[in-house]
Amino acid sequence: MTSELERRIRDEAEATREAPLPPGIGVRPNHNRSTVYSVRLTPDEVAAVQAAADQAGGSKPDHTHSASSARSALSGSLSDTLQ
């Protein structure tokens, strides 16, 4: 059995389904943050990723390494492994 509140919420959601969101709603701030990827890696690929992270300082927090240098090191090692 659907409550009155559930029915009203559903009806409003359906009625505004194609309407644009109001300004500032649904936008995540700080677009320069990390991007998450979900991939399956072989044990050798995991080892390559870990080695690149260790080389870039990813094994422990070390703010002397920039995110871009860590990305570059990881990207290069992973690309070499996957080829």
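Worth saying up front: this structure is predicted, and the values here are computed from it rather than measured.

Caption draft 1: Here's a closer look at helix 2 (residues 43-56). Over its 14 residues, helix 2 extends 20 Å from the first C-alpha to the last, a length consistent with the 20 Å expected when each residue adds 1.5 Å. Within the sequence span of helix 2, burial applies to Glu45, Ala48, Ala52 and Ala56. The arc that holds every buried residue of helix 2, seen down its axis, measures 65 degrees, which confines them to one face. Residue Gly57 follows helix 2 closely and has a positive phi angle near 90 degrees.

Caption draft 2: Local environment of a nonpolar patch on the surface. A cluster of nonpolar side chains, Tyr37, Val39, Leu41 and Val46, forms an exposed patch at the surface whose accessible area comes to about 420 Å². Tracing the backbone shows Tyr37 in the loop between helix 1 (4-15) and helix 2.

Caption draft 3: Local environment of the environment of Glu14. Examined against the element boundaries, Glu14 turns out to sit in helix 1. On the basis of relative accessible area, Glu14 is assigned to the partly exposed category, the value being 48%. Of the polar contacts made by the side chain of Glu14, one reaches the side chain of Arg17; its length is 3.3 Å.

Caption draft 4: Examining the pattern of salt bridges more closely. Applying the stated criterion to the full structure yields 4 salt bridges. Across the pair Arg7 and Glu4 runs a salt bridge, and its minimum N-O distance is 2.5 Å. Linking Arg7 with Glu4, this pair stays in helix 1, spanning 3 residues, or about one helical turn. What makes Arg7 partly exposed here is its relative accessible area of 33%. Classification of Glu4 by relative accessible area gives partly exposed; the value is 45%. With a shortest N-O distance of 3.6 Å, Asp11 and Arg10 are connected by a salt bridge. Taking relative accessible area as the criterion, Asp11 reaches 34% and is therefore assigned partly exposed. The partly exposed category is assigned to Arg10, whose relative accessible area is 42%. Taken together, the salt bridges that share partners define one network made up of Glu4, Arg7, Arg10 and Asp11.

Rules used in this analysis
- Residues numbered from 1 in each chain as written.
- Predicted model: local features only at pLDDT ≥ 70, side-chain atom pairs only at ≥ 80, totals over all residues.
- Heavy atoms only, no water.
- Helix = DSSP H or I, 4+ residues; strand = E, 2+ residues; numbered from the N terminus.
- Expected span 1.5 Å × (residues − 1).
- Buried < 20%, exposed > 50% of the residue type's maximum accessible area, 1.4 Å probe, protein only.
- Arc of directions from axis to C-beta.
- Patch = residues over 30% accessible without salt bridge, like charges linked within 9 Å, V, L, I, M, F, W, Y side chains within 5 Å.
- Areas by Shrake-Rupley, 256 points an atom, 1.4 Å probe, with all protein chains shown as cover.
- Salt bridge = Lys/Arg side-chain N within 4 Å of Asp/Glu carboxyl O.
- Polar contact = N/O pair within 3.5 Å; in protein donor to acceptor, adjacent residues only side chain to side chain.

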